[in-house]
2 protein chains.
Amino acid sequence: MTHIDGARLLTDLRDLARFGQVSTGVTRLPFSSDDLSAREWLRARMAAAGLAASIDPYGNVYGAVPGAGPAVLIGSHTDTVPQGGWLDGALGVMYGLEIARARLEQGQRDVDVVSFMDEEGTYLSFLGSRTFCGGMTDQELERTKGPGGRALAEVIRERKSFGAPARLDRDRHVAYLEAHIEQGPRLEAAQQRIGVVSAIVGIHRYRVSVEGQANHAGTTPMSMRRDAGATLIGIAAEVPQRFAAEAGAETVWNIGSMSFSPGVTNVVPAAATMSVEFRDTDVKILDKLDGVLQDIAAAHSRARRLPVETSLVMRAEPVKMDERMAQAIATAAQGRGEAARIMASGAGHDAQILAQCLPAAMLFVPSIGGRSHTVTENTRDEDIVLGCQVLADAVERILTP
Amino acid sequence: MTHIDGARLLTDLRDLARFGQVSTGVTRLPFSSDDLSAREWLRARMAAAGLAASIDPYGNVYGAVPGAGPAVLIGSHTDTVPQGGWLDGALGVMYGLEIARARLEQGQRDVDVVSFMDEEGTYLSFLGSRTFCGGMTDQELERTKGPGGRALAEVIRERKSFGAPARLDRDRHVAYLEAHIEQGPRLEAAQQRIGVVSAIVGIHRYRVSVEGQANHAGTTPMSMRRDAGATLIGIAAEVPQRFAAEAGAETVWNIGSMSFSPGVTNVVPAAATMSVEFRDTDVKILDKLDGVLQDIAAAHSRARRLPVETSLVMRAEPVKMDERMAQAIATAAQGRGEAARIMASGAGHDAQILAQCLPAAMLFVPSIGGRSHTVTENTRDEDIVLGCQVLADAVERILTP
């Protein structure tokens, strides 16, 4: 059995949290000086642990254990959203470092570690894991503009002195494991300490827009209005009941934004738009909800005689985690006296990219109050340490024939 | 009978429309150089017609007919909204000039003319008519900031060389008459050419806000959300049916703006706010709708266990027009072969201020397509001329014992 050093892990996590520190959280936007300093610190920590560590042109920090493999790849990302939490992806990266280091200390050279760039999508979601898996074209990089309108390709070109891109090696890597805070309240509510991800949800994201006509809200009789706002409100109000009728137990949906134009108290809205997204691990449910949304929109469009447009602006397919790898984590949790909760991940993770090339699995630890992407994000120290030990035990199981 | 000169009226209206011209409309924001140039032009036209004309520190252009009265005061405003129409208040002012001029040419010295400042409320709604009636305090002027944050009081102080404010004279003025385009579609839809305003609606304007909690829209189960957006949508969706049940035939309401915070696709809204306004000439209906809105908000607040705040941000009382004056206009229309439509004004007008001190009445002419406050605002030339002739006939009736 690998015994991880919990105190060393917590110290490393807290050291990393100084880069871009904002009160109890951090801001490390990809390619910012805080992000790059953190990555350089991480590279040095990997090297000190005995890994061959480098930062590639995309900003991925990759630490390879000496030897030809096979190796389990463990990681996540160290970039954050603005004023994000200190754990988030950092947790999974430092688990990787601690497990690789603890195993090396026992003479086992079988864990590689990675911190991917821009998982959060400041420039482009999953930039690092996609380049690592070879799934990125130059055209996409040229097209992508980051903060300030700078092309992502230009940022990368400036970094070409950093050598060859880090790449997945199918002859070497036998599995990808990623730990992450849950970012939701379910583990805490169930008083469970370890979650094992069965699948990462698919996401369908729509923009629903109604076109009406601006009119004076005092002088235009109700019967003569072409009210885009009232029409959109009618559509939005039907979503909860109609979606609930088709949804599964874990389906979630959200109307996160709504706005009217011109958006003035005394003018009948000429245009109105909202975002509607829904997530599930079951693509059949997602497809059914597509139809429900179209139905609601069409019915209101007919009733009001106003054009309603529903545009799919994003579609991500559900991704199943590898059952054998997930089982290894669940069994490892059991070995530490914890019944793991098998759960879907409602948020996206680098594991959904890696899962397309390698058997991949994820471990969750509880988020206090379900909070994430905020400086108040936190997880109890005991849970942080337990999660790392369980993941180390799972590695042992995976690598033991 | 006074015969107004339709061609002269149209020429004056078109000359005035050159000040601040924007394609087929105008922009004459109060105290802008276009607005002040238009007012100086108007003052000169009044003087040329034989009126004692001046511009006061508030920008009101007042033309007094020679003699001690009694006089009917006719007017409106020549300021506009940005990219407004060429008629709007200008119509009523030029009707006043044409009627005063036509009567003077017949030796009748009994019509004063006024163009009030800032009816539209760029700085302060009804600024000119309120100062003219003596209902404005220095504190309110000091408090009021205009475009660019400049205090209205400062703008006025710079104009003190313009002499004494123009003031209503109760010993002289026997009535106030205001003509205006309808700004709505009712006259056109009914193929009627003259409207007589029975009352100007009261307006109750609310801001309804819900306070919830931001959460990750992927990782937070539906049952654990405190969704401010969904709660507000539920309230908004109940408004039409519940309001319709209590509304009168002419009641109008509008949800003109709605917005969520943070307003991001994948975040459950932490806060949501909308404007709700309703208008009627019957204060009992307005009071009932106050109650309905409070009821809806309270029920959703209880059901969702989220705080909902309904704040009254503006309340204007309905104002009845003087029945004898209104009847004079209706009878005058009849005399020209037109059945006048007795109707409420759904928009505010200077007449609602003047009505507090003088018998006041309003005449409407049709708006093509119901459009106003846009450069496409228009009225057929024949309707413009007819409206002026009817108002002139009404003046004759009012002044004839």
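About the criteria used
Residues numbered from 1 in each chain as written. Chains lettered and ligands numbered in written order. Predicted model: local features only at pLDDT ≥ 70, side-chain atom pairs only at ≥ 80, totals over all residues. Heavy atoms only, no water. Helix = DSSP H or I, 4+ residues; strand = E, 2+ residues; numbered from the N terminus. Buried < 20%, exposed > 50% of the residue type's maximum accessible area, 1.4 Å probe, protein only. Contact = heavy atoms within 4.5 Å. Areas by Shrake-Rupley, 256 points an atom, 1.4 Å probe, with all protein chains shown as cover. Lys, Arg positive; Asp, Glu negative; His and termini not counted. Charge placed at Lys NZ, Arg CZ, Asp CG, Glu CD. Polar contact = N/O pair within 3.5 Å; in protein donor to acceptor, adjacent residues only side chain to side chain. Nonpolar A, V, L, I, M, F, W, Y, C, P; charged D, E, K, R; others polar. Salt bridge = Lys/Arg side-chain N within 4 Å of Asp/Glu carboxyl O. Expected span 1.5 Å × (residues − 1). Pairing = 2+ DSSP bridges. Least-squares fit on C-alpha atoms with pLDDT ≥ 70 in both. Axes fitted to C-alpha atoms, helices over the stretch in contact; angles between N-to-C directions. Parallel < 35°, antiparallel > 145°, perpendicular 65-115°, else oblique. pLDDT = per-residue confidence, 0-100. Left-handed = near helix turned anticlockwise from the far one by under 90°. Phe/Tyr/Trp six-rings, centres within 6.5 Å; stacked < 30°, edge-to-face > 60°. Lys NZ or Arg CZ within 6 Å of the ring centre and 35° of its normal.

Trainee: Got a minute to help me understand the overall build of chain A in this structure?
Mentor: When helices and strands are counted, chain A shows 12 helices and 18 strands. Along the three orthogonal principal directions, the C-alpha set of chain A runs to about 80 × 50 × 40 Å. Of all 401 residues assigned to chain A, the portion counted as buried reaches 58%. Taking the contacts inside chain A whose residues are at least 6 apart along the sequence as the reference set, 79% of them involve residues at least 24 apart. Looking at chain A as shown, the accessible area adds up to about 15,100 Å², and 49% of this sits on carbon and sulfur atoms. For chain A, the distance from the average position of its 41 positive side-chain charges to the average position of its 49 negative side-chain charges is 3 Å.

Trainee: It is not clear to me how the interface of chain A and chain B should be interpreted in this structure. Could you clarify?
Mentor: Often, the extent of an interface is quoted as the loss of accessible area on bringing the components together. Facing 43 residues of chain A, the contacting portion of chain B comprises 43 residues. Between the two partners, chain A and chain B, sit 8 residue pairs in polar contact (both at pLDDT 80 or more). Those elements giving two or more residues to the side of chain A that touches chain B turn out to be α7 (186–190), α8 (228–246), β11 (252–254), β12 (258–261), β13 (267–268) and β14 (271–280) of chain A. Grouping the constituent residues of the side of chain A that touches chain B by class yields 19 nonpolar, 17 polar and 7 charged.

Trainee: Sorry, what's going on with the pattern of salt bridges here?
Mentor: Side-chain pairing between opposite charges can occur once the charged atoms of the two side chains come close. Overall, the coordinates contain 62 salt bridges over all chains when judged by the stated rule. Through salt bridges that share partners, A:Arg8, A:Asp12, A:Arg45, A:Glu98, A:Arg101 and A:Glu105 make up one connected network.

Trainee: It is not clear to me how helix α10 (residues 323–335) of chain A should be interpreted in this structure. Could you clarify?
Mentor: In an α-helix, one full turn covers 3.6 residues, which means residues spaced three or four apart are oriented alike. Residue and element names in this part refer to chain A. The end-to-end C-alpha separation of α10 is 18 Å, in line with the 18 Å expected for 13 residues at 1.5 Å each. Looking at α10, one finds that the buried residues are Met 325, Ala 326, Ala 328, Ile 329, Ala 330, Ala 332 and Ala 333. With its phi angle positive at about 80°, Gly 337 sits one or two positions after the end of α10.

Trainee: For this particular structure, what's the right way to read the pairing of strand β5 (residues 71–77) of chain B?
Mentor: Moving residue by residue along a regular strand, the side chains alternate between the two faces of the sheet. All names here are of chain B. For β5, the buried fraction is high: 7 of the 7 residues fall into the buried class. Here β5 shows a buried face lined by Ala 71, Leu 73, Gly 75 and His 77 and a second buried face lined by Val 72, Ile 74 and Ser 76. Examined bridge by bridge, β5 and strand β7 (residues 173–181) share 4 bridges and lie parallel to one another. Counted as the bridge partner of Ile 74 is Leu 177 from β7.

Trainee: Would you take a moment to explain unusual backbone geometry for this structure?
Mentor: When glycine is set aside, most residues are seen to have a negative phi, and most peptide bonds are trans. Note that the residue after A:Ser261, namely A:Pro262, is joined by a cis bond; omega there is 0°. Looking at where A:Pro262 falls in the secondary structure, it is placed in the loop between β12 and β13. The backbone of B:Gln183 shows a phi angle near 70°, a positive value even though the residue is not glycine. Looking at the secondary structure, you find B:Gln183 in the loop between β7 and α7 (186–189).

Trainee: Honestly, the pairing of strand β3 (residues 52–55) of chain A in this entry has me stumped. Any pointers?
Mentor: All names here are of chain A. The alternating pattern of β3 places Ala 53 and Ile 55 on a buried face, while none of Ala 52 and Ser 54, on the opposite face, is buried. Summarising the sheet, β3 and strand β4 (residues 61–64) pair through 4 bridges and their orientation is antiparallel. Paired with Ala 52 across the bridge in β4 is Ala 64.

Trainee: Please clarify how the relation of the copies chain A and chain B should be interpreted in this entry.
Mentor: Superposing the two chain copies requires a rotation about an axis and a translation along that axis. Between the two copies, chain A and chain B, the superposition gives an RMSD of 0.1 Å; the rotation angle is 180° and the shift along the axis is 0.0 Å. When the rotation and shift are considered jointly, the pair of chain copies conforms to a two-fold rotation axis. The C-alpha atom lying nearest the rotation axis in chain A is that of A:Ser259; the distance is 2.6 Å. Comparing interface residues between copies, 100% of those in chain A also lie at the interface in chain B; the contact surface is shared.

Trainee: Explanation requested: the environment of A:Ala190 in the structure shown.
Mentor: All names here are of chain A. Structurally, Ala 190 can be placed in helix α7. With relative accessibility at 33%, the residue Ala 190 sits in the partly exposed group. Separated by 15 residues in the primary sequence, Ala 190 and Ala 175 place their C-alpha atoms 29 Å from one another.

Trainee: So what exactly am I meant to see when it comes to the side chain of B:Thr220 here?
Mentor: By secondary structure assignment, the location of B:Thr220 is in the loop between β10 (215–216) and α8 (228–246). On the basis of relative accessible area, B:Thr220 is assigned to the buried category, the value being 2%. Within polar-contact distance, the side chain of B:Thr220 engages the backbone oxygen of B:His216 at 2.8 Å. If we skip the residues at most four places from it in the chain, B:Thr220 touches A:Pro185, A:Val252, B:Asn215 and B:Arg225.

Trainee: Could you clarify how one ought to interpret the environment of B:Glu277 in this entry?
Mentor: Along the chain, B:Glu277 turns up in strand β14 (residues 271–280). Placed 38 residues apart in sequence, B:Glu277 and B:Arg315 show a C-alpha to C-alpha distance of 9.5 Å. Beyond its immediate sequence surroundings of up to four residues, B:Glu277 is in contact with A:Ala217, A:Thr265, A:Asn266, B:Ile203, B:His204, B:Arg205, B:Val252, B:Trp253 and B:Asn254. Side chain to side chain, B:Glu277 and B:Arg279 meet in a polar contact 2.8 Å long.

Trainee: Looking at this structure, I do not really get the packing of helix α1 (residues 6–16) of chain B against helix α2 (residues 33–48) of chain B. What am I missing?
Mentor: Helix packing geometry: the angle between the two helix axes and the distance between the axes. All names here are of chain B. The contact between α1 and α2 brings their axes to 10 Å, and the two run at 155°. By the angle class used here, α1 and α2 are roughly antiparallel. Residue-level contacts link Asp 12, Asp 15 and Leu 16 of α1 to Ala 38, Trp 41 and Arg 45 of α2. Of the residues contributing to the contact of α1 with α2, the split by class is 3 nonpolar, no polar and 3 charged.

Trainee: Looking at this structure, how should I read the confidence of the model for chain A?
Mentor: Mean pLDDT over chain A: 95, with 100% of residues reaching 70 or higher. Overall fold confidence for the complex sits at a pTM of 0.88, while the interface term, ipTM, reaches 0.88.

Trainee: How should the packing of α8(A) against helix α9 (residues 283–304) of chain A be read in this particular structure?
Mentor: Residue and element names in this part refer to chain A. Closest axis-to-axis distance for the α8/α9 pair is 9 Å, and the angle between their directions is 145°. Judged by the sense of rotation from one axis to the other, the crossing of α8 with α9 is right-handed. On α9, the residues that touch Ala 230, Thr 231, Gly 234, Ile 235, Glu 238, Val 239, Arg 242, Phe 243 and Glu 246 of α8 are Ile 285, Lys 288, Leu 289, Val 292, Leu 293, Asp 295, Ile 296, Ala 297, His 300 and Arg 304.

Trainee: How should I be thinking about the side chain of A:Ser367 in this particular structure?
Mentor: Mapped onto the secondary structure, A:Ser367 falls in the loop between β18 (360–365) and α12 (381–399). With residues near it in sequence (within four places) discarded, A:Ser367 still touches A:Ile181, A:Glu182, A:Gln183, A:Gly184, A:Glu188, A:Asn378 and A:Thr379.

Trainee: Got a minute to help me understand the packing of aromatic side chains in this structure?
Mentor: Geometry of an aromatic ring pair is reported as the spacing of the ring centres plus the angle between the planes. Applying the stated criterion across every chain, the model contains 16 aromatic pairs over all chains. Aromatic side chains A:Tyr62 and A:Phe132 sit 5.7 Å apart centroid to centroid with 65° between the ring planes, which places their arrangement in the edge-to-face category. Here the residue A:Tyr62 occupies a position in strand β4, and A:Phe132 occupies one in helix α4 (residues 127–132), the gap between them amounting to 70 residues. Like A:Tyr62, the residue A:Phe132 is buried in the burial classification. Both rings, one in B:Phe19 and one in B:Trp41, keep their centres 6.0 Å apart while their planes meet at 50°; by these two values the pair is tilted. Residue B:Phe19 is located in the loop between α1 and β1 (21–22), and its partner B:Trp41 is located in helix α2; the two are separated by 22 residues in the primary sequence. With relative accessibility at 21%, the residue B:Phe19 sits in the partly exposed group. An aromatic cluster of three or more residues is present, and its members are A:Tyr62, A:Phe116, A:Phe132 and A:Tyr176. Above the ring of B:Phe162, the side-chain terminus of B:Arg159 is found at 4.1 Å from the ring centroid.

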